[in-house]
Amino acid sequence: MIDGPYFVLTVLGVLGTGLVAGVFCGFSTFVMRGLGMLPPAQGVASMNAINVAAVTLPFMIVFLGSAVLCAVIAVVTFVLWPDEGTVELLVGSVLYLFGSFGLTMVANVPRNDALAELDPGTPEAAAYWPAYVREWTLWNHVRTAASAGAALSYVLALT
């Protein structure tokens, strides 16, 4: 069984990736569905406001902090190569770093940036909104599963 500081890192990894999975799950299951029901101008304006509000210290500590923590866990695992939990620790780190953090940077953030450039009341915004909701939500489902998978993988490493 993992113990000492390595145990603490792994428990923090479970907490961080699990919290992020919960945030993403909320967006996938009801926030985006609710926004998608709004008229396009209201949906675009609301999502742009959410995207601005999301970049707060508490969320960034959890989201970016979890990425740093997952990278540290991966490096420590490679260096120490523990007798137990190695595969689970590496899988958890990869799932979060690529499936959650990386995907955010290459799939969700570019869509957010494109949406932010549109004036909510324009025909361009109305035309983009349905595709945005569909594509953003699809990639968010993947981020949710990857973050939850990372948390589960870290829990398995602890057993």
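Residues numbered from 1 in each chain as written. Predicted model: local features only at pLDDT ≥ 70, side-chain atom pairs only at ≥ 80, totals over all residues. Heavy atoms only, no water.

Peer 1: Before we go on, may I ask you to explain the side chain of Ser 100 in this structure?
Peer 2: Topologically, Ser 100 is positioned in helix α4 (residues 86–116). The exposure class assigned to Ser 100 is buried, which follows from its relative accessible area of 0%. For Ser 100, the side chain forms a polar contact with the side chain of Ser 147, separated by 2.9 Å. For Ser 100, the contacting residues outside a window of four places in its chain are Val 20, Phe 24, Phe 63, Leu 95, Arg 143, Ala 146 and Ser 147. (Helix = DSSP H or I, 4+ residues; strand = E, 2+ residues; numbered from the N terminus. Buried < 20%, exposed > 50% of the residue type's maximum accessible area, 1.4 Å probe, protein only. Polar contact = N/O pair within 3.5 Å; in protein donor to acceptor, adjacent residues only side chain to side chain. Contact = heavy atoms within 4.5 Å.)

Peer 1: Please clarify how the side chain of Ser 66 should be interpreted in this entry.
Peer 2: Among the secondary structure elements, Ser 66 is positioned in helix α3 (residues 57–80). Relative accessible area serves as the criterion here: at 6%, Ser 66 is assigned to the buried category. Among all residues touching Ser 66, those that are not within four sequence positions of it are Gly 16, Thr 17, Val 20, Ile 61 and Tyr 96.

Peer 1: Looking at this structure, how should I read the nonpolar core?
Peer 2: Within soluble globular proteins, side chains that are nonpolar generally end up buried alongside one another. Counting residues in hydrophobic clusters, the biggest one holds 16 residues, and the most contacted among them are Ile 2, Val 20, Phe 63, Ile 73, Leu 89, Tyr 96 and Tyr 154. Only α1 (4–37), α3, α4 and α5 (123–158) provide two or more residues apiece to this core. Of all the elements, α3 adds the most residues to this core, at 5 residues. Aside from chain neighbours lying at most four places away, what touches Leu 89 is Ile 2, Tyr 6, Thr 10, Ile 73, Thr 77, Pro 82, Tyr 154 and Ala 157. Membership of the second largest hydrophobic core comes to 11 residues, among which are Met 47, Leu 115, Val 133 and Trp 136. (Core = buried A, V, L, I, M, F, W, Y, C linked by side-chain atoms within 4.5 Å.)

Peer 1: Sorry if this is basic, but what is going on with the packing of aromatic side chains here?
Peer 2: Both the distance between ring centres and the angle between the ring planes are used here to describe each pair of aromatic rings. Applying the stated criterion across every chain yields a total of 9 aromatic pairs. With a centroid separation of 5.9 Å and 35 degrees between ring planes, the pair formed by Phe 78 and Trp 81 is classed as tilted. According to the relative accessible area criterion, Phe 78 is exposed, its value standing at 54%. Through a chain of ring-to-ring contacts, the aromatic side chains of Phe 24, Phe 59, Phe 63, Tyr 96 and Phe 101 assemble into a single cluster. Directly above the aromatic system of Phe 24 lies the positively charged group of Arg 143, at a separation of 3.8 Å from the ring centroid. The lysine or arginine in question, Arg 143, covers the ring of Trp 136, its NZ or CZ lying 5.3 Å from the ring centre. (Phe/Tyr/Trp six-rings, centres within 6.5 Å; stacked < 30°, edge-to-face > 60°. Lys NZ or Arg CZ within 6 Å of the ring centre and 35° of its normal.)

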